[in-house]
Amino acid sequence: DVGCGKGFLLYEMKLLLPELIISGIDVSEYAVLHCKEELKDNIQIGNAINLPFEDNSFDLIFSINTLHNLHNYDLFEALKEIQRVAKKKYICVEAYRNELEKMNLLYWQVTCECFFTPEEWKWWFDLVGYKGDHSFIYFE
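Once a new chain begins, its residue numbering starts again from 1 and follows that chain's sequence as written. For this predicted model, a pLDDT threshold of at least 70 governs which residues receive local features, and a threshold of 80 or more governs which side-chain atom pairs are given and counted, while totals over whole chains, interfaces and linings are taken from all residues. Calculated side-chain values reflect all of the structure's heavy atoms, with hydrogen atoms and water omitted.

K.L.:
Honestly, the overall build of the protein in this entry has me stumped. Any pointers?
P.N.:
Looking only at helices and strands, one finds five helices and five strands in the protein. When the elements of the protein are put in sequence order from the N terminus, they spell out α-β-α-β-β-α-β-α-α-β. Between the two quantities, the radius of gyration covers C-alpha atoms and the globule rule is 2.2 Å times the number of residues to the power 0.38. Taking 140 residues into account, the globule formula puts the C-alpha radius of gyration at 14 Å, and the protein, at 15 Å, falls close to it. Reported as C-alpha extents along the three principal axes, the dimensions of the protein are approximately 45 × 30 × 25 Å. In this description a helix means any DSSP run of H or I spanning at least four residues, a strand means any run of E spanning at least two, and both kinds are numbered starting from the N terminus.

What follows is the structure in structure tokens.
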């Protein structure tokens, strides 16, 4: 999980599938230090632009509502890194289809550095060669 925070999603996944080998990374030292005790060995402090893992070292990597925190130049590197470290990938990002949704995103965002239309996201994916799955969240 790229941008795992305190690892709540990883924890739930491990409850459902105890045999699962999990790993999470987050820039927040606070989040990593305050994760559930059961996750202490599976979550580390780090940044999406330089994932400390070998090529194709994961069967699946995902990042949910994290990439909007990056500046454009870091987004480029993060997408390349996500593509590099996993066989299968899934990211969920904020997007807008009209001016109202864009305005709602502007009001909602606190740490948001980038968000785009679906077409602009496709441009980013194509630019870096991202071949994974993705979905968008819209603020209607």
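Picking up where we left off.
K.L.:
Explanation requested: the packing of aromatic side chains in the structure shown.
P.N.:
Two numbers describe a pair of aromatic rings. These are the distance of the centres and the angle of the planes. Two rings belonging to Phe, Tyr or Trp (six-membered ring only in the last case) form a pair when the distance between their centres is within 6.5 Å. Interplanar angles under 30 degrees mark stacking, angles over 60 mark edge-to-face geometry, and anything in between is tilted. Going through the model one piece at a time under the given rule, you end up with eight aromatic pairs. Judged by centre distance (4.9 Å) and plane angle (85°), the rings of Phe 53 and Phe 58 are edge-to-face. There is no split in this pair, since Phe 53 and Phe 58 are both buried. When the ring of Phe 125 is compared with that of Tyr 130, the centres are 5.1 Å apart and the planes differ by 45°; the resulting orientation is tilted. The pair formed by Phe 125 and Tyr 130 is uniform in burial state, with each residue classed as buried. An aromatic cluster is present here, built from Phe 116, Trp 121, Trp 123, Trp 124, Phe 125 and Tyr 130 joined pairwise through their rings. Above the face of the Tyr 11 ring, Lys 36 is positioned so that its terminal group lies 4.6 Å from the ring centre. Remark: a charge is flagged as sitting over a ring if the NZ atom of Lys or the CZ atom of Arg is within 6 Å of the ring centre and within 35 degrees of the ring normal. The side chain of Arg 97 reaches across the aromatic face of Tyr 138, ending 3.6 Å from its centre. Only protein chains enter the calculation, and the probe is 1.4 Å; a residue is then buried if its accessible area is under 20% of its type maximum, exposed if over 50%, and partly exposed in between.

K.L.:
Sorry, what's going on with the packing of helix 3 (residues 72-85) against helix 5 (residues 118-128) here?
P.N.:
When two helices pack together, their arrangement is given by the angle between their axes and by how far apart the axes lie. Simply put, an axis is a line fit to the C-alpha atoms, just over the touching stretch for a helix, and the angle between two N-to-C directions goes from 0 to 180 degrees. The geometry of helix 3 relative to helix 5 is characterised by a closest axis approach of 9 Å and an angle of 60° between their N-to-C directions. Judged by the inter-axis angle, helix 3 sits oblique to helix 5. Seen from above, helix 3 lies across helix 5 with right-handed handedness. Each of Asn 72, Leu 75, Phe 76, Leu 79 and Lys 80 in helix 3 lies in contact with helix 5, whose residues at this interface are Trp 121, Trp 124, Phe 125, Leu 127 and Val 128. Reported orientations rely on four angle classes, namely roughly parallel under 35 degrees, roughly antiparallel over 145, roughly perpendicular from 65 to 115, and oblique for the rest. By convention, the crossing between two helices is left-handed when the near helix turns anticlockwise from the far helix through less than a right angle, and right-handed when the turn is clockwise. In this analysis, two residues are considered to be in contact whenever any of their non-hydrogen atoms come within 4.5 Å of each other.

K.L.:
Any chance you could explain the side chain of Lys 89 here in plain terms?
P.N.:
Relative to the assigned elements, Lys 89 resides in strand 4 (residues 86-94). Charged residues are defined here as Lys and Arg on the positive side and Asp and Glu on the negative side; His and the ends of the chain fall outside this count. One speaks of a salt bridge when a side-chain nitrogen belonging to Lys or Arg is within 4 Å of a carboxyl oxygen belonging to Asp or Glu. Despite being buried, Lys 89 has no salt bridge partner; Asp 133 is the closest side chain of opposite charge, sitting 9.5 Å away. A polar contact is formed between the side chain of Lys 89 and the backbone oxygen of Ala 86, at a distance of 2.5 Å. At 3.1 Å, the side chain of Lys 89 and the backbone oxygen of Lys 87 are in polar contact. Apart from the residues within four sequence positions on either side, Lys 89 is in contact with Leu 60, Ile 61, Ile 82, Gln 83, Tyr 130, Gly 132 and Asp 133. Definition of a polar contact: a pair of N or O atoms within 3.5 Å, with one able to donate and the other able to accept a hydrogen when the atoms are protein atoms, and with sequence-neighbouring residues admitted only if both atoms are side-chain atoms.

K.L.:
Sorry, what's going on with the nonpolar core here?
P.N.:
Considering soluble globular proteins, one finds that nonpolar side chains tend to be buried as a cluster. Among the buried residues, those of types Ala, Val, Leu, Ile, Met, Phe, Trp, Tyr and Cys that are joined through side-chain atoms within 4.5 Å form a nonpolar core. By size, the foremost hydrophobic cluster in this structure holds 25 residues, and its most contacted members are Leu 51, Leu 67, Leu 75, Leu 79, Ile 82, Ile 91 and Trp 121. At the level of elements, strand 3 (58-64), helix 3, strand 4 and helix 5 are the ones that each hand at least two residues to this core. Top contributing element to this core by residue count: helix 3, with five residues. Once residues lying within four places of it in the same chain are set aside, the contact partners of Leu 79 are Leu 67, Ile 91, Trp 124, Phe 125, Val 128 and Tyr 130.

Function cannot be read off these values alone, since they describe shape.
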